[in-house]
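Here's the letter readout for the chains.
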Amino acid sequence: MVKKFDRDVEARRIQRPGRLIASGLALALAISGAFLIGRVVPAPSTQAIKQAQEPIAVWAEVKRQVVDSRTTFAGKVAAAAVTLIQPEGGREGVVVRQTLTAGGTAVAGQLAGNISGQPYWFLTGPLPLYRDLQLGDTGDDVAAFQVALANAGLPVKQTGEVDRATLAAVQSLYLGANLKPPAGPRIAFAQFVALPAGENIVVSAAPMGAHLDAETALAVLRVKANHITFRADTITAASLVQGEKLTVRLGSATFEATVASIGAFAAAGEAEVAGREVTLSGDNAALNQAPDGTSVTIFGPGQTEPALAVPVAAVRQNAAGAYVLRRGSNGRDEEVAVQIDRSGAGWAAVGATKLQVGDQVRVS
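These figures come from a predicted structure and were not determined experimentally.

Trainee: With reference to specific residues and values, describe the overall build of the chain.
Mentor: Along the chain, the regular secondary structure elements total seven helices and 26 strands. Per-residue burial for the chain yields a buried fraction of 35% across its 364 residues. Just so you have it, the chain exposes about 21500 Å², and 55% of that area is on carbon and sulfur atoms.

Trainee: Can you lay out the nonpolar core for me, pointing to particular residues and giving the numbers?
Mentor: Judged by nonpolar contacts, the single largest core of 22 residues is most densely connected at W121, F145, L149, I187 and F192. For this core, the secondary structure elements donating two or more residues are β8 (118–124), α4 (140–151) and α5 (164–176). Element by element, the count of residues in this core is highest for α5, at five residues. Once residues lying within four places of it in the same chain are set aside, the contact partners of F192 are W121, L123, L127, L129, F145, V170, L173 and I187. In this structure, L246, V248, A257 and L280 belong to the second largest nonpolar core, which totals 19 residues.

Trainee: Can you tell me about the packing of aromatic side chains, naming the residues and giving the values?
Mentor: Per the stated rule, a full pass over the model turns up three aromatic pairs. Summarising the aromatic geometry, the rings of F73 and F230 are spaced 4.9 Å apart at their centres and angled 35° between planes, so their arrangement reads as tilted. One end of the pair, F73, is in strand β3 (residues 72–78); the other, F230, is in strand β15 (residues 227–232), and 157 residues separate them in sequence. Accessibility expressed as a relative area gives 8% for F73, which makes it buried. The exposure class assigned to F230 is buried, which follows from its relative accessible area of 2%.

Trainee: Go over the side chain of T229 with me, naming the residues and quoting the values.
Mentor: Take T229: it is sitting in strand β15. Not counting residues up to four positions away in its chain, the partners in contact with T229 are G75, K76, A78, E277, V278 and T279.

Trainee: Give me the lowdown on the sheet that holds strand β5 (residues 93–97), citing residues and values where you can.
Mentor: If you walk across this open sheet you meet the five strands as β11-β8-β7-β5-β13, and the pairing is mixed. Whereas interior strands pair on both sides, the edge strands pair on one side only; in this sheet they are β11 (192–195) and β13 (211–212). Relative to β8, α4 is tilted by about 85°, and along the sheet it contacts β8 and β11.

Trainee: Account for the pattern of salt bridges, naming residues and giving values.
Mentor: For the coordinates displayed, the defined rule picks out seven salt bridges. Between D132 and R186 there is a salt bridge, with the nearest N and O atoms lying 2.5 Å from each other. A residue pair is termed long-range when its members are at least 10 positions apart, and D132 in the loop between β8 and β9 (133–134) and R186 in strand β10 (residues 186–187) qualify at 54 residues. R326 is the partner of E334 in a salt bridge, and the nearest nitrogen-oxygen pair spans 3.1 Å. One continuous salt-bridge network, built from bridges that share partners, spans R326, E334 and D359.

Trainee: An account of unusual backbone geometry is requested, with residue identities and associated values reported.
Mentor: Positive phi is not limited to glycine here, since S116 has a value of about 55°. The topology assignment puts S116 in the loop between β7 (111–115) and β8. Of note in the backbone geometry, A345 takes a positive phi value of approximately 55° without being a glycine. In this structure, A345 sits in the loop between β24 (339–344) and β25 (347–351).

Trainee: Kindly report on the environment of A320, identifying the contributing residues and their values.
Mentor: With respect to the helices and strands, the residue A320 is situated in the loop between β21 (316–318) and β22 (321–327). A sequence separation of 17 residues divides A320 from A337, and the C-alpha atoms of the two residues are 8.5 Å apart.

Trainee: I'd like to hear about the sheet that holds strand β12 (residues 200–205), residue by residue, with values.
Mentor: Pairing within the open sheet is antiparallel, and its four strands lie in the order β4-β14-β12-β6. The outermost strands of the open sheet, each flanked by one partner alone, are β4 (81–85) and β6 (105–106).

Trainee: Describe the pairing of β7, listing the residues and the values that go with them.
Mentor: For β7, the tally of buried residues reaches five of five residues, placing the bulk of the element in the interior. Where β5 lies against β7, two bridges are found, and the strand directions are antiparallel. The partner of V95 across the bridge, within β7, is I115. In terms of strand pairing, β7 meets β8 through four bridges, oriented antiparallel. Looking across to β8, one finds that N114 is bridged to P119.

Trainee: Now, about the packing of α4 against α5: what can you tell me, with residues and values included?
Mentor: The contact between α4 and α5 brings their axes to 11 Å, and the two run at 45°. In terms of orientation, α4 and α5 fall into the oblique class. Crossing hand, α4 versus α5: left-handed. Mapping the contact onto sequence places F145, Q146 and L149 in α4 and T166, A169, V170 and L173 in α5. Residues belonging to the contact of α4 with α5 are distributed by class as follows: five nonpolar, two polar and no charged.

Trainee: Describe in detail the environment of A168, supporting the description with residues and values.
Mentor: Its place among the elements puts A168 in helix α5. Linking A168 and V156, residues 12 residues apart in sequence, is a C-alpha distance of 8.9 Å.

About the thresholds
- Residues numbered from 1 in each chain as written.
- Predicted model: local features only at pLDDT ≥ 70, side-chain atom pairs only at ≥ 80, totals over all residues.
- Heavy atoms only, no water.
- Helix = DSSP H or I, 4+ residues; strand = E, 2+ residues; numbered from the N terminus.
- Buried < 20%, exposed > 50% of the residue type's maximum accessible area, 1.4 Å probe, protein only.
- Areas by Shrake-Rupley, 256 points an atom, 1.4 Å probe, with all protein chains shown as cover.
- Core = buried A, V, L, I, M, F, W, Y, C linked by side-chain atoms within 4.5 Å.
- Contact = heavy atoms within 4.5 Å.
- Phe/Tyr/Trp six-rings, centres within 6.5 Å; stacked < 30°, edge-to-face > 60°.
- Pairing = 2+ DSSP bridges.
- Axes fitted to C-alpha atoms, helices over the stretch in contact; angles between N-to-C directions.
- Salt bridge = Lys/Arg side-chain N within 4 Å of Asp/Glu carboxyl O.
- Parallel < 35°, antiparallel > 145°, perpendicular 65-115°, else oblique.
- Left-handed = near helix turned anticlockwise from the far one by under 90°.
- Nonpolar A, V, L, I, M, F, W, Y, C, P; charged D, E, K, R; others polar.

The structure is reproduced here in structure tokens:
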């Protein structure tokens, strides 16, 4: 006995015979079309398939050019500290005598200048003078003042008391500058200006006749010239020697700078590799005028002479050593042994080779 569900399905199939016929015709047409296309379009030959699978040869010319093997480092300018020289906290007056010149050095015992008839002298700090001194005065400020005078080359001992030798030393400063010493056993503390520690380079100096005020300084000093710092990895840092010259590129300027110091090992930081901090110094206008933090490129030791050169990508290696494939006149590649002297910027300087300028070597 046929179930009612099966009879319903069979009835629907019989009621829609057109769909079955259409599907059959479509399938037959598709098979026939594929057969005809296969007869009309020829299959690729074996040679064509083989050629398509072969890599395309890329050739480069052997040249004679500079191969720069120097290691490069990214560094920055570290600007020196700047000090304004303003006697008596910015005393107003006219510059009567100016002994400082831009680019020169300010030293202890030197006349800093004469403002409205009042001379001022440089002494090394610390200089905690806060009062005028007279013969017989004592105190820590007197002792510090005597040390400063001695550092300027004057024959003074640190006694902590203003004695005849201290007064004579101050008088010798006046006489050395062709000035009349002050009358009486008195030392005016405001006439002495403390120099910052280190070498003081004069950046600028107010000219004779200039009017000084609280905003216009007698001179601007820079403690130590601008310098350059960069981080070198441990291996490279070991090859550097204090006092040797390295080439620096700062903007459009290129100059030599001296390795002033090589610091202790430092671990890697947020923007620094592990290695040693190297400091370079140099007397160069571009360096001294560069703002703090200016980026520079430092070229480490290496060679820059012209040499017979091939692309590094052309150099291959086998059991016998390094070689390149030179394009032969018969269309066949020829192995030519090479000796790699150095490399840089994608090129290798080669020696002990039969290559000549103009030869074609295979890169890939």
